[in-house]
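# Coordinates in review
The residues making up each chain are set out below.
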Amino acid sequence: MPNCDTLIRNATVLDGSGAASQCLDVALNGDHIREIGNSLKYAATENIDADGLILAPGFIDVHTHDDTAVIHNPAMLSKLSQGVTTVIVGNCGISTAPVQLRGEPPDPMNLLGCADAFRYPTFAAYVAAIQKAQPSVNVGALVGHTALRNNQMDRLDRTASATEIDNMRRQLQEALDNGALGLSSGLAYLSAYSASTDEVLALAQPLAAAGAVYTTHMRSETETILDAMNEAFEIGRRNHVPVIISHLKCAGIANWGRSGEVLHTLDTARASQNVGCDCYPYAAGSSTLDLRQVDERVKITITWSTPHPELAGQTLAQIAINWGIAQIDAARKLQPAGAIYHSISEDDMRRILRHPATMIGSDGLPNDPLPHPRLWGTFPRVLGRYSREEKLLSLPEAIHKMTRMPAQRFGLAKRGLVREGYFADLVLFDSEKIIDTATFADPIRPAEGIASVWVNGVLSYTNRGATRKCSGRFLPRGKTTWIQ
Ligand code: ZN
Ligand code: CU
């Protein structure tokens, strides 16, 4: 009988392709899947009877801000406990590499940490730091446009000069040469809002030859969202580069109900170019406190404040009443600060979530002392609440959005499928029990229903908690696939 490290018997395999499940045995050896079949015969070091539980590829969190977390907190329990085996960092225009700071990081780079967290002047240095830290999950990384701007520009309230764009491109190229997945932008933030479309167009040019992607937290998610989408598509079309719209949503009460036209605009672009998006399964967003988003009709919770740390957890409305001032004035006094904005309609979010081009990304903020529950809950919430309970999408479809689709769009080689020869990133879970338990009031709570998680063939998490065996890797860019 041949040997293998782990034999998982009687698993209900959802392979990530979107196909229906099959009852199979799966043999793991080293870091990969050795064989899949019926009644496999192996002398295995570890034998597991899955007893009909679902075995799926480990989930890929395509939208994270785990850039420094994977190094400072390599256990990464917030993600591992959801069945996530790969995180993509560097989203929304902010990344920790390549970065040379002069002083404190600008908003919203401060979401990733204070000045001392930015220690990677080159992308290669960041890759080396991940390899040294050996987190429990794999890491793919984007380069942030805002990070590059801050490296090269004396002030961020203007567009970059030709020389500055050249300098940014050189840094982007170094990152691409060392395996970066692509470029991200955060054009809505004031640190990048003044960048012209031409600046981003020029900067994004080297992505095509590298086969890398452009992801964007768009210039607007409110009134001018369609213009912002078209700007993103233009940048992709003119450079022949795939585009991923980050955390697609219709933000602000005045925009509720517009998901139909937003998705129509997405579909129109999809007919002629490589375009996708990601979404988190909540009707509330979170970021730094932005004065432009203060609206007395929207519930805004303060999650941290540098001048007033004692007010974390209170709503902006309460704080304003206590201070006897308007919410906008209270917001000014709290800055710099973090906030959760209950400014999304559940109906719009659902329509975007179920759309065939939508991947799942948590957008969780690991440095936030009172994080949005998406940090710990996103993936089990899609599977438990939106697939099982509400039947918004089938289980194979939901798994596909978390596995194969992101592996193809971001170019993660041999990930995202349960297939022979692929890396053994796997999650075993109970489809009847899986559910998020993190809430806005109590956000740091692991999900229920996850039985086992393997990363590169190593059992890293069980229903008793982390095994403390960390085997995540840095994932260099592979070949992206155009999914229509
Ligand atoms: Zn964002
Ligand atoms: Cu983000």
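Residues numbered from 1 in each chain as written. Chains lettered and ligands numbered in written order. Predicted model: local features only at pLDDT ≥ 70, side-chain atom pairs only at ≥ 80, totals over all residues. Heavy atoms only, no water.

## Some points on the packing of helix α4 (residues 145-152) against helix α7 (residues 197-204)
- One way to put it is that α4 packs onto α7 with a least axis distance of 12 Å and a crossing angle of 100°. Between α4 and α7, the interaxial angle falls into the category roughly perpendicular. Here α4 contributes His 145, Leu 148 and Arg 149 to the contact with α7, which in turn contributes Glu 199, Val 200 and Leu 203.
- Residues belonging to the contact of α4 with α7 are distributed by class as follows: 3 nonpolar, 1 polar and 2 charged. (Axes fitted to C-alpha atoms, helices over the stretch in contact; angles between N-to-C directions. Helix = DSSP H or I, 4+ residues; strand = E, 2+ residues; numbered from the N terminus. Parallel < 35°, antiparallel > 145°, perpendicular 65-115°, else oblique. Contact = heavy atoms within 4.5 Å. Nonpolar A, V, L, I, M, F, W, Y, C, P; charged D, E, K, R; others polar.)

## Observations regarding the coordination of the copper ion (ligand 2)
- Donor atoms from the polypeptide that coordinate the copper ion (ligand 2) comprise His 63 (NE2), His 65 (NE2), Cys 92 (SG) and Asp 363 (OD), at 2.1 to 2.3 Å from the metal.
- Geometry at the copper ion (ligand 2) is irregular, judged from its 4 donor atoms and the angles of 85 to 167° they form at the metal.
- The sequence pattern describing where the donors of the copper ion (ligand 2) fall on their chain is H-x1-H-x26-C-x270-D.
- Taken as a pair, the copper ion (ligand 2) and the zinc ion (ligand 1) show a spacing of 3.0 Å, with Cys 92 coordinating each metal. (Donors = N, O, S within 2.8 Å, 3.2 Å for Na, K, Ca; no water. Tetrahedral: all angles 85-135°; square planar, octahedral: opposite > 155°, others 65-115°.)

## Looking at the domain arrangement of the protein chain
- Assigned domains within the protein chain: domain 1 (3-57 + 417-434 + 443-466), domain 2 (59-283 + 344-410) and domain 3 (288-340).
- Domain 2 and domain 3 are separated by 25 Å when their C-alpha centres are compared.
- With 14 residues of domain 2 in contact, the opposing surface of domain 3 contributes 10 residues.
- For the pair domain 2 and domain 3, the summed buried area comes to about 950 Å², and 61% of that belongs to carbon and sulfur atoms.
- Viewed at the interface, domain 3 and domain 2 are joined by 0 salt bridges.
- Here the side of domain 2 that touches domain 3 is built from residues that sort into 10 nonpolar, 2 polar and 2 charged. (Domains from an automatic or database assignment. Buried area = accessible area lost by both parts, 1.4 Å probe. Salt bridge = Lys/Arg side-chain N within 4 Å of Asp/Glu carboxyl O.)

## What about the sheet that holds strand β11 (residues 243-245)?
- Strand order in the open sheet made by the 8 strands is β6-β7-β8-β9-β10-β11-β12-β16, with parallel pairing throughout. Edge positions in the sheet fall to β6 (59-61) and β16 (358-360), since each of these pairs with one other strand and no more. Here the strands of the sheet are splayed against their neighbours by 30° on average, with no regard to which way each runs.
- Bridge count between strand β7 (residues 84-89) and strand β8 (residues 138-144): 4 bridges; the pairing is parallel. Bridging across to β8, Thr 86 finds its partner in Asn 138. (Pairing = 2+ DSSP bridges.)

## Focus on the layout of surface pockets
- One number sums up the size of the largest pocket: a volume of about 720 Å³.
- Along the walls of the largest pocket sit 40 residues, with Glu 221, Thr 222, Ala 251, Asp 290 and Gln 293 positioned nearest its centre.
- For the lining of the largest pocket, the secondary structure elements donating two or more residues are α9 (225-239) and β13 (285-288).
- Classifying every residue of the lining of the largest pocket by side-chain character gives 16 nonpolar, 13 polar and 11 charged.
- Looking at the lining of the largest pocket, you find at least three residues from each of domain 2 (59-283 + 344-410) and domain 3 (288-340). (1 Å grid on protein atoms, 1.4 Å probe; cavity = no way out; pocket = protein on both sides within 12 Å on 5 of 7 lines; lining within 4 Å. Points joined across faces, edges and corners; volume = space filled by probe spheres on them.)

## Let's talk about the coordination of the zinc ion (ligand 1)
- Coordination of the zinc ion (ligand 1) by the protein is provided by Cys 92 (SG), His 217 (ND1) and His 247 (NE2), with metal-donor distances spanning 2.0 to 2.2 Å.
- Within one chain, the residues donating to the zinc ion (ligand 1) are spaced in sequence as C-x124-H-x29-H.
- Residue His 247 is classed as buried on the basis of its relative accessible area, which comes to 2%. (Buried < 20%, exposed > 50% of the residue type's maximum accessible area, 1.4 Å probe, protein only.)

## Details of unusual backbone geometry
- With an omega of -10°, the peptide bond running from Ala 97 to Pro 98 counts as cis.
- Relative to the helices and strands, Pro 98 resides in the loop between β7 and α3 (123-133).
- The step from Gln 335 to Pro 336 runs through a cis peptide bond, and the omega angle for that step is -5°.
- If you trace the backbone, Pro 336 turns up in the loop between α12 (327-334) and β15 (337-341).
- Unlike most non-glycine residues, Asp 363 shows phi in positive territory, near 55°.
- Structurally, Asp 363 can be placed in the loop between β16 and α14 (374-389).
- The class of Asp 363 is buried, set by a relative accessible area of 5%.

## Side note on α12
- For α12, every residue scored as buried is listed here: Gln 327, Ala 330, Ala 331 and Leu 334. All buried residues of α12 project into a common sector of 100° when viewed along the axis, lining one side.
- Elements that come into contact with the buried residues of α12 comprise β14 (300-305), α11 (316-323) and β15. (Arc of directions from axis to C-beta.)

## Focus: the nonpolar core
- Phe 59, Phe 123, Tyr 126, Leu 248 and Phe 429 are the most contacted members of the largest nonpolar core, which has 90 residues in total.
- Element by element, the count of residues in this core is highest for α9, at 6 residues.
- Not counting chain neighbours up to four residues away, the residues in contact with Phe 429 comprise Leu 53, Ile 54, Ala 56, Phe 59, Leu 383, Leu 395, Ile 399, Ile 434, Gly 449, Ile 450 and Ala 451.
- Core analysis: the second largest hydrophobic core is formed by 17 residues, Ala 11, Ile 48, Ala 50 and Leu 426 among them. (Core = buried A, V, L, I, M, F, W, Y, C linked by side-chain atoms within 4.5 Å.)

## Some words on empty space enclosed by the protein
- If you walk through the whole model with that rule in mind, you get 1 cavity of 30 Å³ or more.
- If you add up the space inside the largest cavity, you get close to 50 Å³.
- What lines the largest cavity is His 247, Leu 248, Lys 249, Cys 279, Tyr 280, Tyr 282, Ile 344, Asp 348, Met 349 and Ile 352.
- Per-element tally for the lining of the largest cavity: the top contributor is helix α13 (residues 346-354), with 3 residues.
- Its residues assigned to classes, the lining of the largest cavity comprises 7 nonpolar, 1 polar and 2 charged.

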